[in-house]
Amino acid sequence: PTAAVSHLTMAQILQLSQIIDSTDPAADRAAAATQVIDTATHPGKLTTANAGAQQMAVQLKAEFETAGLQWPGIKKLSVAQIDELTTAFQTSPAAGKKLAISVLDEISHPAMTSMHNAGAHQLRKELTASLQQVGLKLPPKDKLSFDQVAQLSDIFSNGGSNSDMKAAAMKVLSIN
């Protein structure tokens with residue numbers, strides 16, 4: 001399904017690119033790509049109004065506290081993260097703590113560091129340089145949608161004066 005692709009973040013686009021560029025069988029790549037898009041368009045955040053979610057939150061909060069880690073709150077965790085954390089803590093406290101540290105880092109510093117797609121890194125580098133040329137800074141890696149990346153690329157590839165490109169880029173980035 002490609003209808004929601006324009007709403008994906010750069011991190012999600014890079015994840016898709018890595019999946020597509022892999023040498024896995026086509027059916028596996030299609031399933032993985034569909035899962036990325038589905039997860040992005042339906043992130044599955046739990047609400048504390050659900051009794052099951054409340055129980056999970058209480059258990060995970062206790063696990064985080066036992067591990068000496070700050071509890072991020074149930075609303076900051078996706079269903080997949082909650083599932084992974086619950087399984088890891090049940091497997092071993094050390095494995096749970098290691099995964100929890102990783103999840104906390106991901107929450108506080110979302111990044112695409114696990115993506116190894118040369119084209120995506122090149123595009124990021126080019127956008128960073130183009131924005132710096134007009135006096136702007138590229139937002140954090142996970143804050144741009146595919147549509148914004150495409151618009152920014154178009155702005156800088158079409159050229160024009162620095163002030164015109166800066167104004168257009170500020171509009172795309174919603175900077176007043």
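Quick notes on the rules
Residues numbered from 1 in each chain as written. Predicted model: local features only at pLDDT ≥ 70, side-chain atom pairs only at ≥ 80, totals over all residues. Heavy atoms only, no water. Helix = DSSP H or I, 4+ residues; strand = E, 2+ residues; numbered from the N terminus. Buried < 20%, exposed > 50% of the residue type's maximum accessible area, 1.4 Å probe, protein only. Contact = heavy atoms within 4.5 Å. Areas by Shrake-Rupley, 256 points an atom, 1.4 Å probe, with all protein chains shown as cover. Phe/Tyr/Trp six-rings, centres within 6.5 Å; stacked < 30°, edge-to-face > 60°. Core = buried A, V, L, I, M, F, W, Y, C linked by side-chain atoms within 4.5 Å. pLDDT = per-residue confidence, 0-100.

Undergrad: I would appreciate a short explanation of the overall build of the protein in the present structure.
TA: Helices and strands together make up the secondary structure of the protein, namely 8 helices and 0 strands. A burial count over the protein gives 32% of its 176 residues as buried. Long-range pairs, those at least 24 residues apart, make up 59% of the contacts in the protein with a sequence separation of at least 6. Surface summary for the protein: the accessible area is close to 10,700 Å², and the carbon and sulfur share equals 55%.

Undergrad: Looking at this model, I keep getting lost on the packing of aromatic side chains. Mind explaining?
TA: For any pair of aromatic rings, geometry is given as the distance between the ring centres together with the angle between the planes. Under the counting rule described, the total for this entry stands at 2 aromatic pairs. On the numbers, 5.2 Å between centres and 75° between planes, the contact of phenylalanine 64 with tryptophan 71 is edge-to-face. On the accessibility criterion, phenylalanine 64 (0% relative accessible area) is buried. Geometrically, the ring pair formed by phenylalanine 64 and phenylalanine 89 is tilted, given 6.0 Å between the ring centres and 55° between the ring planes. Placement of phenylalanine 64 in helix 3 (residues 51–66) and of phenylalanine 89 in helix 4 (residues 79–91) is noted, with a sequence separation of 25 residues between them. In textbook terms, an aromatic cluster arises when at least three aromatic residues are bridged by ring pairs, as seen for Phe64, Trp71 and Phe89.

Undergrad: Please clarify how the nonpolar core should be interpreted in this entry.
TA: Across soluble globular proteins, nonpolar side chains show a tendency to be buried alongside one another. Ranked by internal contacts, the top residues of the largest apolar core, which has 15 residues, are Leu127, Leu131, Leu152, Ile155, Phe156 and Ala169. Those elements giving two or more residues to this core turn out to be helix 1 (10–21), helix 6 (118–133), helix 7 (146–158) and helix 8 (162–172). Element by element, the count of residues in this core is highest for helix 7, at 4 residues. Excluding its chain neighbours within four sequence positions, the residues that come into contact with leucine 127 are Leu138, Val149, Leu152, Ser153 and Phe156. In terms of nonpolar packing, the next biggest core, distinct from the first, is built from 14 residues, Trp71, Leu85, Ala100 and Leu104 among them.

Undergrad: Even after reading the chapter, I still don't get the confidence of the model for the protein, so can you show me in this structure?
TA: Predicted coordinates in regions of low pLDDT should not be interpreted in detail. Here the protein averages 76 in pLDDT, and 74% of its residues register 70 or above. The least confident element of the protein, judged by mean pLDDT, is helix 2 (residues 26–41) at 76; the most confident is helix 8 at 91. Within the model, pLDDT remains below 50 along residues 111–116, and this stretch shows 15 contacts once partners closer than five positions in the same chain are excluded.

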